[in-house]
Amino acid sequence: HAASTAILTHCILDGGIPEGEGAGECYLFEDGKAIKGRAAVKRHIKEANDHARSSEVGLLDKVVHTGTCSRLSSICDGTVRFTDVPGHNESDLPVVKECKKNCGCI
């Protein structure tokens, strides 16, 4: 498979880590712990995509919280969400078929 998305990935523009160390950095929660920083989040999503392609996992849905560049800071209030869905070249994967069945949006 090409390097496409095999899982659902939501990106919520809410400013990322709200305060303290790493404030403003992107993060996601997995098994009750936060994965923080662009490199760590990107690596985690890549591993989840690889895992979805190589096994019979159920539907994987990741939610990334992040900020925006300064010019777009006015939309960074948590109401804007981008969703990356599996691509057409992933349509033979069982997880993608489940996604289509449950989401109806792909």
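What this report covers is the structure whose coordinates are included nearby. Nothing here was measured: the structure is a model prediction, and the numbers come from that model.

**A short note on the overall build of the protein chain**
A count of helices and strands for the protein chain gives 2 helices and 5 strands. Going from the N terminus to the C terminus, the protein chain shows its helices and strands as β-β-β-α-β-β-α. Accessible surface, the protein chain as shown: approximately 6,600 Å² in total, 51% of it carbon and sulfur.

**Details of the side chain of Lys-62**
With respect to the secondary-structure elements, Lys-62 resides in strand 4 (residues 61–66). The buried category is assigned to Lys-62, whose relative accessible area is 7%. Polar contacts involving the side chain of Lys-62 include one to the side chain of Glu-30, which spans 2.6 Å. Side chain to side chain, Lys-62 and His-44 meet in a polar contact 3.3 Å long. Discounting residues that sit within four places of it in the chain, Lys-62 has contacts with Ile-7, Leu-8, Thr-9, His-10, Glu-30, His-44 and Ala-48.

**Quick word on helix 1 (residues 38–54)**
Taking 1.5 Å of rise per residue, 17 residues should cover 24 Å, and helix 1 covers 24 Å from first to last C-alpha, within 8% of that figure. Within the span of helix 1, buried status applies to Ala-40, Val-41, His-44, Ile-45, Ala-48, Asn-49 and Ala-52.

**Some points on the packing of aromatic side chains**
Summed over all chains, the structure comprises 1 aromatic pair. Judged by centre distance (5.6 Å) and plane angle (85°), the ring pair of Tyr-27 and Phe-29 falls under edge-to-face. On the accessibility criterion, Tyr-27 (12% relative accessible area) is buried. Taking the relative accessible area as the measure of exposure, Phe-29 reaches 53% and is therefore exposed.

Cut-offs applied
- Residues numbered from 1 in each chain as written.
- Predicted model: local features only at pLDDT ≥ 70, side-chain atom pairs only at ≥ 80, totals over all residues.
- Heavy atoms only, no water.
- Helix = DSSP H or I, 4+ residues; strand = E, 2+ residues; numbered from the N terminus.
- Areas by Shrake-Rupley, 256 points an atom, 1.4 Å probe, with all protein chains shown as cover.
- Buried < 20%, exposed > 50% of the residue type's maximum accessible area, 1.4 Å probe, protein only.
- Polar contact = N/O pair within 3.5 Å; in protein donor to acceptor, adjacent residues only side chain to side chain.
- Contact = heavy atoms within 4.5 Å.
- Expected span 1.5 Å × (residues − 1).
- Phe/Tyr/Trp six-rings, centres within 6.5 Å; stacked < 30°, edge-to-face > 60°.

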